[in-house]
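Commentary on secondary and tertiary structure
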Amino acid sequence: MSDLIIRTRFAPSPTGFMHVGGIRTALFAWFVARQANGAFILRLEDTDQKREVEGSADHILKALGALGITHDEGPDIGGPYAPYKQSERLEIYKAWAKKLIDSGRAYADPYTPAELDAFRESARANKKAFLYRDHRPETPPAWDGSTPLRLRSDPKAYNWHDEVLGDLSTGPEVIDDIILIKSDGFPTYNFAHIVDDAEMKISHIIRGQEFIASQPNYLNIYEALGLDLPIFATMPHIMAESGNKKLGKRDGAKDVLDYLNDGYLPETMINFIASLGWNDGTEQEIFTVPELIKKFSLDRVQKSGARFDEKRLEWMNGQHIRLLTLDDLYERVTDFWPASAVTASEELKKHVLALVQDRLKTLKDLAILTDYFFAEPKADWSMIENNKQLAQLPKGELKQLLQASFEALGEVSTSDFTPEAVQETLNQLLVTTGQKPGILFSLIRTVVSWAPFSPALDHTLSVLGKETSLARLDAAIKDL
RNA sequence: GGUCUCAUCGUCUAACGGUUAGGACACCAGGUUUUCAUCCUGGCAAUCGGAGUUCGAUUCUCCGUGAGAUCACCA
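None of the values given here were measured: they were computed from a predicted structure. (Residues numbered from 1 in each chain as written. Chains lettered and ligands numbered in written order. Predicted model: local features only at pLDDT ≥ 70, side-chain atom pairs only at ≥ 80, totals over all residues.)

**Considering the overall build of chain A**
When you go through chain A residue by residue, the secondary structure sums to 19 helices and 11 strands. The C-alpha atoms of chain A give 32 Å as radius of gyration, which overshoots the globular expectation for 480 residues (23 Å, by more than 25%). Along the first, second and third principal axes, the C-alpha atoms of chain A reach 105 × 50 × 40 Å. Looking at the 480 residues of chain A, the share that counts as buried comes to 33%. For chain A, long-range pairs separated by at least 24 residues make up 78% of all intrachain contacts whose partners lie at least 6 apart in sequence. (Helix = DSSP H or I, 4+ residues; strand = E, 2+ residues; numbered from the N terminus. Rg over C-alpha atoms; globule rule 2.2 N^0.38 Å. Buried ≥ 20, exposed ≤ 12 C-beta atoms within 10 Å, placed from the backbone. Contact = placed C-beta atoms within 7 Å.)

Right, here's the structure in full:
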């Protein structure tokens, strides 16, 4: 029985937006922490001043918050190992670096960038891999902080275990004297994350595949520092929809907040991102967030990269929308009503919402799907012309059908304009006109809504009310 | 180029070495007394190639091939 306290972290650098790949790494780390009653830590890796983007840190916080990926310690809320921003931890890195200098495992880099380039160039000319340690100075100067500080590496082969990829190994040729502290006084990621993970007692390092090539060098640092190894888990990349490249901004990768603004539910994003590279081994596709927390396991994470499929995301969003209660859905669509609905009552809006819940794929669909309930739609006769069945009928016949409908529906009492009464009347109309529902009902539906799709006709007419329904039929008749 | 990793339908994936290789998305065809983007039914569609181990390989081994990652004073 292990008494390991589970502490995972998400450590983004504030250099831009939050794409799905980054969110997935955060999500999986969050799952591991939450299912074990552990802690999830957010740490900002802002050691590259040049690449830092203004407002990015807030944006990351906002994106995680919007998805409900909550952290227990972080730059915004503090915690026992504060600060959680690397730029505020410079003294800590210097202290750890000093240990390495004192033990002879770190030294000042005496070369100029030009000299380094010359080394690289000659290695390339000789078709050899460039290794800094081949040029390690015999008597480096004392480190005064104005030059890079490098690890005096101990080249050796490594075998290590990765929770996702299994047993991995490399030879000594990949170990090099990597930079620990840059000449600007900031540590490199390579050094800082190891120090922080140790200080913050991180149990699982869950990160993307791009770091796997550096892993042997990290192991070398762990040894030089005399640290115990945490558990490593490497996430495969999420790839762009076309091509085989890692998903990046250039491939049209969107920020997660954009998906939310486009009407995707947070639980959809979590379900979808989780299912991109993980499944529980059953045929279940739709998971709630608590289910995912309970069932997630690193050893079922896929080893290979997955492609982001928007069609599947859309389908999944529809599934999650249908799972919501009407009241819950109502809360969430506040910003998605058509402009025409601003003055509508809550009662009417809820009624309309109930009708369309089963047809929404994204919350954004609400506007086109419901606009005609709140405002007079604009007639678009091309909808009739483009309808395979309706286009066959001469105008006169269309007019007759609408006229018959107008009269029949006019017989229904205003107070009893219920879906049942409307349907009864519509059924009678099929008999009296001898027309197929595919024709008659399509026609009525089109002229009362002028929308590409709408809920069941009986409900649609009932919600519109007798007066409006008849007025729109009448307008269409006159228009023909 | 060196190093490392990966490889099942178009896509996401399932399959203690024994299955007619399963499910989902997408697509196609029907159906549900309206459209439809809901719902139901059906269909199409995959183990990268070659050796080896084994009675038997999607699964284990090796060799190819393909793809990805990385080789920064970026993370």
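**As for the protein's contact with RNA strand B**
Neighbouring residues of RNA strand B: 72 residues in total, closest Glu45, Tyr189, Ser304, Phe441 and Ala456. At 5 residues, the largest contribution of residues to the surface near RNA strand B is made by helix H17 (residues 437-449). Across the surface near RNA strand B, the residue classes tally to 25 nonpolar, 26 polar and 21 charged. (Near = placed C-beta within 6 Å. Nonpolar A, V, L, I, M, F, W, Y, C, P; charged D, E, K, R; others polar.)

**Focus: the sheet that holds strand E4 (residues 149-151)**
Spatially, the 3 strands line up as an open sheet ordered E3-E4-E7, and their pairing is antiparallel. The open sheet has two edge strands with one neighbour each: strand E3 (106-108) and strand E7 (179-181). On average, adjacent strands in this sheet sit at an angle of 40° to one another, irrespective of strand direction. (Pairing = 2+ DSSP bridges. Axes fitted to C-alpha atoms, helices over the stretch in contact; angles between N-to-C directions.)

**Notes on the domain arrangement of chain A**
Each assigned domain of chain A is listed here: domain 1 (89-235), domain 2 (332-375) and domain 3 (382-479). With 9 residues of domain 2 at the contact, the number on the domain 3 side is 8 residues. Residues that form the side of domain 2 that touches domain 3 fall into these classes: 7 nonpolar, 1 polar and 1 charged. (Domains from an automatic or database assignment.)

**With respect to helix H3 (residues 90-102)**
For H3, which comprises 13 residues, the first-to-last C-alpha distance of 18 Å matches the rise-based estimate of 18 Å (1.5 Å per residue) to within 8%. Along its buried surface, H3 packs onto E3, E4, E7, helix H5 (189-199) and helix H6 (215-225). One or two steps after H3, the chain reaches Gly104, where phi turns positive at roughly 80°. (Expected span 1.5 Å × (residues − 1).)

**Quick word on the pairing of strand E1 (residues 7-10)**
Side chains of E1 alternate between two faces, with Arg7 and Arg9 and Thr8 and Phe10 buried alike. Pairing of E1 with strand E2 (residues 39-42), which is carried by 4 bridges, proceeds in the parallel orientation. Looking at E2, one finds that Phe10 is bridged to Leu42.

**Re helix H8 (residues 266-275)**
For H8, the tally of buried residues reaches 8 of 10 residues, placing the bulk of the element in the interior. Buried residues belonging to H8 abut helix H1 (20-35), helix H2 (56-67), helix H7 (256-261), helix H9 (289-295) and helix H10 (310-323). Following H8 by one or two positions, Gly277 adopts a phi angle in the positive range, close to 110°.

**Things to note about unusual backbone geometry**
Each neighbour pair has its own omega, and for Ala82 with Pro83 the value is 0°, a cis peptide bond. Note that Pro83 resides in the loop between H2 and H3. At Asn37, a position not held by glycine, the phi torsion is positive, near 55°. With respect to the secondary-structure elements, Asn37 resides in the loop between H1 and E2.

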